[in-house]
Every structure is written in C-alpha cells, then in structure tokens.
Amino acid sequence: MDTSIFEHGDHPDQQHSSFSGTDTCEWTPGSRFLLHKADVTMHGERTEAIELIGERKPETRRYTMRSFDNQGAYTQMEAWLDEAGAFHITGTNVRAVL
C-alpha cells in the first residue's frame, strides 16, 4: 500500500511525506471495534502498530482511534469519512487523508 500523510500544522502548504507497508483490518468480537494492524516504513523507519477504531460520536459522525506501536508509543486520534469517501485522520502531529 502506498498513500500520503500530512504532518505538522494546519496550513495547505504543510509538509508532505509518504509511507509504504502492509495494513490489515478485522472486526473484534461483537463488531463494535475495528482492529487495524499496520507494518509500515515512514521516513526510513519501520513501525509495527495496532489500532482500535470505534466509539462513534453521533453528533460529529467521527470515530475515536487508539494506536499502540512497537516502540511503546500510544496515540489517540479522530477519524471520519467525507462525502467523497476519503478517510481523514487527525491527532497530535498527525493529519492524514487516505
């Protein structure tokens, strides 16, 4: 998979970088959360992570994402689909459109 990620700041001229790797998704028991497993290389560094996507907020139609990686980092983000079907992710130092 190849995609683009935008980092650092809110301006349209923000830094652009790409990453490559493998992603898999599966529903957890009860189908209330989506388990996302990623093995990616970003900025020349390999990262393996799991993310739990769920907890939909009806008023904003956004989902909470919690990520845990192989270096011990924990990140909480928000995700949503726009009208065109693009998947947006925002969090501290993270802004992606997939």
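Each value, and the rule that gives it
Numbering of residues begins from 1 in every chain and follows the order in which that chain's sequence is written. Local features in this predicted model are restricted to residues whose pLDDT is 70 or higher, and side-chain atom pairs enter the listing and the counts only when it is 80 or higher, whereas totals over whole chains, interfaces and linings include all residues. Only hydrogens and water are set aside; all other atoms, that is, all heavy atoms of the structure, feed into the side-chain values. Runs of E in the DSSP output that reach at least two residues are strands. Runs of H or I that reach at least four are helices, and both are numbered from the N terminus. In this scheme Phe, Tyr and Trp rings, the latter by its six-membered ring, pair at centre separations within 6.5 Å, and the angle between planes marks the pair as stacked below 30 degrees, edge-to-face above 60, and tilted otherwise. A 1.4 Å probe rolled over the protein chains alone gives each residue an accessible area, and that area as a share of the maximum for its type sets the label: buried under 20%, exposed over 50%, partly exposed in between. Criterion for a charge above a ring: Lys NZ or Arg CZ within 6 Å of the ring centre, and within 35 degrees of the ring normal. Working definition of a nonpolar core: buried Ala, Val, Leu, Ile, Met, Phe, Trp, Tyr and Cys residues. They are joined through side-chain atoms within 4.5 Å. In this analysis, two residues are considered to be in contact whenever any of their non-hydrogen atoms come within 4.5 Å of each other. In short, DSSP must find at least two bridges between two strands for them to pair.

S.K.: Help me understand unusual backbone geometry, please; the structure alone is not making it clear to me.
M.R.: The phi torsion of most residues other than glycine is negative, and most of the peptide bonds are trans. You will see that Ser31, though not glycine, has its phi angle at about 60°, which is positive. Note that Ser31 resides in the loop between strand 2 (15-27) and strand 3 (33-42). Notably, His43 is not glycine yet its phi reads approximately 55°, a positive angle. Relative to the assigned elements, His43 resides in the loop between strand 3 and strand 4 (45-57).

S.K.: Would you take a moment to explain the packing of aromatic side chains for this structure?
M.R.: The description of an aromatic ring pair rests on the distance of the ring centres and on the angle between the ring planes. As enumerated under the stated definition, the model contains one aromatic pair in all. When the ring of Phe68 is compared with that of Tyr74, the centres are 5.1 Å apart and the planes differ by 40°; the resulting orientation is tilted. The class of Tyr74 is partly exposed, set by a relative accessible area of 44%. Sitting over the ring of Trp80, Arg62 keeps its end group 3.7 Å from the ring centre.

S.K.: For this particular structure, what's the right way to read the nonpolar core?
M.R.: Grouped burial of nonpolar side chains is what soluble globular proteins tend to show. Ile53, Met65, Met77, Ala79, Ile89 and Ala96 together form the largest nonpolar core, which totals six residues. Beyond its immediate chain neighbours, meaning those up to four positions away, Ile53 contacts Arg32, Phe33, Leu34, His36, Tyr63, Thr64 and Met65.

S.K.: Would you take a moment to explain the pairing of strand 6 (residues 74-81) for this structure?
M.R.: Pairing between strand 5 (residues 62-69) and strand 6: six bridges, direction antiparallel. Within the sheet, the bridge partner assigned to Arg66 lies in strand 6 and is Gln76. Connecting strand 5 to the antiparallel partner strand 6 that follows it, the hairpin turn spans four residues, and Gly72 within it adopts a positive phi of roughly 90°. Two strands pair when backbone bridges link them, and strand 6 and strand 7 (residues 87-91) are joined in this way by five bridges, in the antiparallel orientation. Note on strand 7: the bridge partner recorded for Ala79 is Ile89. The hairpin turn running from strand 6 into strand 7, its antiparallel successor, is five residues long, and Gly85 in that turn takes a positive phi close to 95°.

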